[in-house]
Amino acid sequence: MKKWFQTWNRPEYQEWAIKVSNGYLLVVIRKEKTKYLCVKAELIMKSKGLPDFKVLEEEYFKTKREALKQIQEWKLVIPNNP
């Protein structure tokens, strides 16, 4: 069974990742001035081994509680190939 692991845990930025067939799937919460940004993205390694991201979904929420709820929903669906 695949497990999510936290890669960043800062007051302004939290990120979790899980290994999928073509790399990693990431879910992110970023605190902005008046809202929270939630992003689901695919981590892609370029030819020189440098990372890049492909945003799959992006949503904004007024509270951190709402943002965390979205992150939990995204974590429940783990595609083999996002």
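All of the points below concern the structure found in this document. Here the structure is a predicted model, which is why all the values come from computation and not from measurement.

Describing the nonpolar core
Here is a general trend for soluble globular proteins: nonpolar side chains tend to be buried in one another's company.
So, point 1. Counting residues in each nonpolar core, the largest one holds 13 residues, and the members touching the most others are W4, W16, V27, I29, C38, A67 and I71.
So, point 2. If you list the elements that add at least two residues to this core, you get β2 (13–20), β3 (23–31), β4 (36–45) and α1 (64–76).
So, point 3. Look past the residues within four positions of W4 in its chain and what remains in contact with it is W16, A17, I18, L25, V27, W74, K75 and I78.

Description of the environment of R30
So, point 1. By the secondary structure assignment, R30 is in strand β3.
So, point 2. Judged by relative accessible area, which is 36%, R30 ranks as partly exposed.
So, point 3. Considering only alpha carbons, one finds R30 and L68, 38 residues apart in sequence, at a separation of 11 Å.
So, point 4. The residues touching R30, leaving out its near neighbours within four places in the chain, are E12, Y13, K35, Y36 and L37.

Some words on the pattern of salt bridges
So, point 1. This model, assessed by the stated rule, comprises two salt bridges.
So, point 2. A salt bridge links E32 to R30; its shortest N-O distance comes to 2.2 Å.
So, point 3. Of the charged contacts, one joins K40 and E57 as a salt bridge, the two residues approaching to 3.0 Å between their closest N and O atoms. Taken together, the positions of K40 in strand β4 and E57 in strand β5 (residues 51–61) put the pair 17 residues apart, joining distant regions of the chain.
So, point 4. Classification of K40 as buried rests on a relative accessible area of 11%.
So, point 5. Overall, the relative accessible area of 29% leaves E57 in the partly exposed class.

Here is what the cut-offs are and how they apply
Residues numbered from 1 in each chain as written. Predicted model: local features only at pLDDT ≥ 70, side-chain atom pairs only at ≥ 80, totals over all residues. Heavy atoms only, no water. Core = buried A, V, L, I, M, F, W, Y, C linked by side-chain atoms within 4.5 Å. Buried < 20%, exposed > 50% of the residue type's maximum accessible area, 1.4 Å probe, protein only. Helix = DSSP H or I, 4+ residues; strand = E, 2+ residues; numbered from the N terminus. Contact = heavy atoms within 4.5 Å. Salt bridge = Lys/Arg side-chain N within 4 Å of Asp/Glu carboxyl O.

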